[in-house]
Amino acid sequence: MSEILIQGANIEGNGKADIAIRDEKIVAVGAGAEGSLREPIRIDGKGLIALPGLVDLHTHLREPGQENFETVLTGSQAGAMGGYTCVHAMANTTPVADDAPVVEQVEELGRAAGYLQVRPVGAVSAGLAGKHMAALGAMATCKSKVRVFSDDGKCVHDGLLMRHALEYVRAYDGVVAQHAQDPELTEGAQMNESALSDELGLKGWPGVAEESIIARDVMLAELTQSRLHVCHLSTARSVELVRWAKDRGVNVTAEVTPHHLSLTEEEARSYDPTFKVNPPLRSAADVEAVRAGLEDGTIDIVGTDHAPHPIEDKDCDWQSGAFGMTGLETALPVVIETMVNTGRLSWADVARVLSKAPARIGRVSEQGQDLVAGSFANVTLVDPNVVRTIDPAKQKSMSTNTPFAGRQLPGQVMYTFYRGKMTVRDGKLIEFN
């Protein structure tokens, strides 16, 4: 029997309390918690914030087929170091996760790794080709019980296919997570379309390419009475569209990435493809708009869009570089810097946007629970006062394409518990594989 006593941690910023854990569950919180245990491992929670284990709705684990980028094991370890106890693995693997055998393989790889819960995301279209619907029913009813479906990396551009997918997943209480990008408006695009893209000689990526798809899809979601999730929203008008849709009662949710919360198109001046991402880094006005949208609840969650790449995909000229950035190990510090330390979010809000809301959207009932007796012991303890310099070589992801390399960020995950199992202790990964 495993017993752990977390002493005096500040639970979601609402006050200090002890947390007693036995095996997979929290058995007591507050006064008298210690009395419910016999000989526990004691964790000093003084100065630490206790959060429900973080949940990412948007992770690229690359396996199967791209194990030189990342594996389910290394991605799970990176997630644990970032405070995550659940990640949703996107479908753009090789082979594509567009049928039951592949999603079950991904989930089993996560179970074998043991660091966190890996929930597979099923493709919307067969082979991500955007032509024919994938085996949505088979994935929804197999052992993995997939509830999130996405062609992320590509847009479901065909309106009729998107309508049919929304109608189909409704029967399973599923959600379609759309990569909002009109491919015809972004062919060959390299960075945000602006005066800066003209100055740098890089083909511009207009915000309307994202906004037009969001506008269409929220209307389709209203028509079908189904759930729509907007991935990596990046522009001010996108925020306005989601706000408009929510005001109409459309069942839409949206996410913003850490990099779109913190970085602007000005990074492209370096011509360093580390800063090349899809959708591109936008203007300072757009960054302010997405921060405001996260603050007022228009944007529901922060999703990492963790997109690892091998060195050769980024150690090149800008135009040859791959799109994408890693994010699992830096997401919480970026949220602390941009939203908590600026007074825009409380710690309870952090628990909502990084744990409770993504768990609810993904329909993962055992995650994102309040830290109370009877809940699964998915717990993250973070020291908000530590400031550290991000060193890609010290991160657990196989890939080093973080845009925050060399930058000082606040906050350090000191402990992560997944179903009562300690995966991070004193800020270091516990290696048990």
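Residues numbered from 1 in each chain as written. Predicted model: local features only at pLDDT ≥ 70, side-chain atom pairs only at ≥ 80, totals over all residues. Heavy atoms only, no water.

J.: Hey, could you go over the overall build of the chain for me, with residue numbers and the actual values?
T.: Looking only at helices and strands, the chain has 11 helices and 19 strands in total. Against the 2.2 N^0.38 benchmark of 22 Å for 433 residues, the chain shows a C-alpha radius of gyration of 21 Å, consistent with a compact globule. Each principal axis of the C-alpha atoms in the chain carries an extent, and together these give about 65 × 45 × 45 Å. Relative to its 433 residues, the chain shows a buried fraction of 63%. Long-range pairs, those at least 24 residues apart, make up 75% of the contacts in the chain with a sequence separation of at least 6. (Helix = DSSP H or I, 4+ residues; strand = E, 2+ residues; numbered from the N terminus. Rg over C-alpha atoms; globule rule 2.2 N^0.38 Å. Buried < 20%, exposed > 50% of the residue type's maximum accessible area, 1.4 Å probe, protein only. Contact = heavy atoms within 4.5 Å.)

J.: Please provide a residue-by-residue account of the environment of leucine 136, values included.
T.: Turning to its location among the elements, leucine 136 is positioned in helix H3 (residues 136–141). Here leucine 136 falls in the buried class, since its relative accessible area comes to 2%. Each C-alpha atom, one on leucine 136 and one on alanine 165, is 8.2 Å from the other, the two residues being 29 residues apart in sequence. What leucine 136 contacts, discounting residues up to four positions off in sequence, is Ala123, Val124, Phe149, Ala165, Tyr168 and Val169.

J.: Please set out the UniProt feature "domain: Dihydroorotase catalytic" (unreviewed entry) in the chain residue by residue, giving values where relevant.
T.: The sites that carry the UniProt feature "domain: Dihydroorotase catalytic" (unreviewed entry) are, in the present numbering, residues 49–236. Counted over residues 49–236, helix gives 35% and strand 18%. Its end C-alpha atoms are 32 Å apart. (UniProt positions renumbered as here; feature names shortened; annotations may be inferred.)

J.: Help me get a handle on the sheet that holds strand S6 (residues 54–59), residues and values and all.
T.: Across the sheet, 3 strands lie side by side as S6-S7-S8; this open sheet has parallel pairing. The open sheet terminates on both sides in strands that have one partner only, identified here as S6 and strand S8 (117–120). Strand-to-strand twist across the sheet, computed as the mean angle between neighbouring axes with direction ignored, equals 20 degrees. In this structure, S6 lies alongside strand S7 (residues 84–89), joined through 4 bridges in parallel fashion. Each bridged residue has a counterpart across the sheet, and for leucine 54 the counterpart in S7 is tyrosine 84. The sheet strands contacting helix H11 (residues 347–362) are S6 and S7, and the helix crosses S6 at an angle near 55 degrees. (Pairing = 2+ DSSP bridges. Axes fitted to C-alpha atoms, helices over the stretch in contact; angles between N-to-C directions.)

J.: Describe in detail the side chain of asparagine 10, supporting the description with residues and values.
T.: Here asparagine 10 lies in strand S1 (residues 3–11). Polar side-chain contacts of asparagine 10 include one of 3.1 Å to the backbone nitrogen of asparagine 14. Beyond its immediate chain neighbours, meaning those up to four positions away, asparagine 10 contacts Gly15, Lys16, Leu48, Ile49 and Ala50. (Polar contact = N/O pair within 3.5 Å; in protein donor to acceptor, adjacent residues only side chain to side chain.)

J.: Outline the confidence of the model for the chain, supporting the account with residue identities and numerical values.
T.: For the chain, mean pLDDT is 97; residues scoring 70 or higher make up 100% of the total. Of all secondary-structure elements in the chain, the lowest mean pLDDT belongs to strand S4 (residues 41–44), at 97, while strand S10 (residues 175–178) reaches the highest, 99. (pLDDT = per-residue confidence, 0-100.)

J.: Just give me the short version of the nonpolar core, but keep the residues and values in it.
T.: Core analysis: the largest hydrophobic core is formed by 77 residues, its most contacted members being Leu294 and Leu354. Among the elements that make up this core, the one with the highest residue count is helix H10 (residues 331–340) (6 residues). Split by domain, the residues of this core number at least three in each of domain 1 (4–49 + 375–429) and domain 2 (53–362). Once residues within four sequence positions are removed from consideration, leucine 354 is found in contact with Leu54, Val55, Tyr84, Val302, Leu332 and Val335. (Core = buried A, V, L, I, M, F, W, Y, C linked by side-chain atoms within 4.5 Å. Domains from an automatic or database assignment.)

J.: Any chance you could break down the domain arrangement of the chain for me, citing the residues and the numbers?
T.: Split by domain assignment, the chain resolves into domain 1 (4–49 + 375–429) and domain 2 (53–362). The C-alpha centroid of domain 2 is placed 26 Å from the C-alpha centroid of domain 1. With 36 residues of domain 1 at the interface, the matching set in domain 2 holds 47 residues. Summed over both sides, the interface of domain 1 with domain 2 buries roughly 3,200 Å², with 61% coming from carbon and sulfur. The tally of links from domain 1 across to domain 2 stands at 2 salt bridges. The shortest N-O distance in the salt bridge between arginine 407 and glutamate 337 comes to 2.7 Å. Applying the counting criterion to the domain 1 and domain 2 interface returns 18 residue pairs in polar contact (both at pLDDT 80 or more). Elements represented by at least two residues in the side of domain 1 that touches domain 2 include exactly strand S16 (379–389), strand S17 (408–418), strand S18 (421–425) and strand S19 (428–429). (Buried area = accessible area lost by both parts, 1.4 Å probe. Salt bridge = Lys/Arg side-chain N within 4 Å of Asp/Glu carboxyl O.)

J.: For the packing of helix H7 (residues 236–247) against helix H9 (residues 284–296), give the residues involved together with the corresponding values.
T.: Between two packed helices, the angle of one axis relative to the other and the distance separating the axes together describe the packing. Interhelical geometry of H7 versus H9 gives an angle of 25 degrees and a closest axis separation of 8 Å. When the axes of H7 and H9 are compared, the pair comes out roughly parallel. Of the residues in H9, those in contact with Ala236, Val239 and Arg243 of H7 are Asp286, Ala289, Val290, Gly293 and Asp296. Taken together, the residues that form the contact of H7 with H9 break down as 4 nonpolar, 1 polar and 3 charged. (Parallel < 35°, antiparallel > 145°, perpendicular 65-115°, else oblique. Nonpolar A, V, L, I, M, F, W, Y, C, P; charged D, E, K, R; others polar.)

J.: How would you sum up the packing of aromatic side chains? Please name residues and give values.
T.: Under the definition given, this model contains 4 aromatic pairs. Between tyrosine 115 and phenylalanine 432, the ring centres sit 4.2 Å apart and the planes meet at 20 degrees, which makes this aromatic pair stacked. Of this pair, tyrosine 115 sits in the loop between helix H2 (100–113) and S8 while phenylalanine 432 sits in the segment after S19, placing them 317 residues apart in sequence. Relative accessible area serves as the criterion here: at 0%, tyrosine 115 is assigned to the buried category. Ring centres of tyrosine 415 and phenylalanine 417 lie 6.2 Å apart, and the angle between their planes is 5 degrees; on these two criteria the pair is classed as stacked. (Phe/Tyr/Trp six-rings, centres within 6.5 Å; stacked < 30°, edge-to-face > 60°.)

J.: Describe the side chain of arginine 344, and please don't skip the residues or the numbers.
T.: Within the secondary structure layout, arginine 344 lies in the loop between H10 and H11. Its relative accessible area of 19% is what places arginine 344 among the buried residues. A distance of 3.0 Å separates the side chain of arginine 344 from the side chain of glutamate 288, its partner in a polar contact. With residues near it in sequence (within four places) discarded, arginine 344 still touches Glu288, Arg291, Ala292, Glu295, Thr338, Met339 and Asp349.

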